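Letter by letter, the chains look like this.
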Amino acid sequence: MKSVVPVFSAIARTSSKILLKIASIAFFATPLLATLVVHPASAQAPGSTRVLVRNPDVGKWAGSRNFLSNSSGEYVCRPLACPAPSKVTVRISNSPTRSPDRQALAKYASQTIPAAVEQANLNAASSLAPGRKIERLSSTATEMRGFPAISQEMRFVGGKEPVYMSKITMFVKSALVDIASFSPSRETARRNRDLFAGAMQVEDIPLAR
């Protein structure tokens, strides 16, 4: 389940640049609709899952997509369209299992994620940019849209102002969907995360019995 853990050290290095990046992308991003989709090798085969995450409001969110992949991208709230500068990233990959064990998810949220945050902070303290820190506000096993999920909330300090991350990792049958929302407002970050999770469309072909 390595894909569930965010790359904390990478996020810590870039957290102080998030607000500047939000502002610059919002001014220059094109108004094209960004749609993320993952097609399994055999899209209609039993046990395959097709997931789409659509821009929930094209007039409010400027979307861009990784040209090398249809399964990752980011959305930036246009100037003055959100109560605080906001960015949402979406990544869709293959799930390690169609039916994750709930106790395993709870253990992962309560033990593995805190340990990863602690290690990231130790690495940051000995890096060339000391003073930056990740504060874990919560990490729990939950459900989102009826799918097993892990919810995380972090605060990144050390820049001009704190930046909050609200992230949900959903085990959508054969797909693993990560939606991470960033903002200097914790409430805004959480609301935007839920907005994009609500824009997810799923088509699943159950396993043959």
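Every chain is numbered independently, its residues counted from 1 as its sequence is written. Local features in this predicted model are restricted to residues of pLDDT 70 or higher, and side-chain atom pairs are both shown and tallied only at a pLDDT of 80 or more, whereas totals for entire chains, interfaces and linings draw on every residue. Side-chain measures here rest on the full set of heavy atoms in the structure, leaving out hydrogens and waters.

Engineer: Describe the nonpolar core, with residues and values.
Structural biologist: Among buried residues, the Ala, Val, Leu, Ile, Met, Phe, Trp, Tyr and Cys ones that are joined through side-chain atoms within 4.5 Å form a nonpolar core. Classification of residues uses two cut-offs on accessible area relative to the type maximum, computed with a 1.4 Å probe and protein chains only: under 20% is buried, over 50% is exposed, and between them is partly exposed. Counting residues in hydrophobic clusters, the biggest one holds 21 residues, and the most contacted among them are Val 51, Met 170, Val 177, Ile 179 and Met 200. Secondary structure elements are defined from DSSP: runs of H or I of at least 4 residues count as helices, runs of E of at least 2 residues count as strands, and each element is numbered from the N terminus. Every element with two or more residues in this core is listed here: β2 (49-54), β4 (72-77), β5 (87-94), β7 (147-157), β8 (163-172), β9 (175-183) and α4 (186-198). Ignoring any residue separated from it by four or fewer positions in sequence, one finds Met 200 in contact with Val 51, Leu 52, Val 53, Arg 145, Phe 147, Met 170, Val 172 and Val 177. Membership of the second largest hydrophobic core comes to 16 residues, among which are Ala 109, Phe 156, Leu 176 and Phe 182. Residue contacts are counted whenever heavy atoms from the two residues lie within 4.5 Å of one another.

Engineer: Give me the pairing of β4: which residues, what numbers.
Structural biologist: Counting buried positions over the 6 residues of β4 gives 6, a clear majority of the element. By the alternation rule, side chains of β4 split into Ser 72, Glu 74 and Val 76 and Gly 73, Tyr 75 and Cys 77, which are all buried. In short, DSSP must find at least two bridges between two strands for them to pair. Inspection of the sheet shows β4 paired to β5 by 5 bridges, in the antiparallel sense. From the neighbouring strand, Val 76 faces β5, where its bridge partner is Lys 87.

Engineer: Talk me through α4; I want residue IDs and the actual numbers.
Structural biologist: One fewer than the residue count of a helix, multiplied by 1.5 Å, yields its expected span. Spanning 13 residues, α4 covers 19 Å between terminal C-alpha atoms, matching the ideal 18 Å at 1.5 Å per step. What α4 keeps buried is the set Thr 188, Ala 189, Asn 192, Arg 193, Phe 196 and Ala 197.

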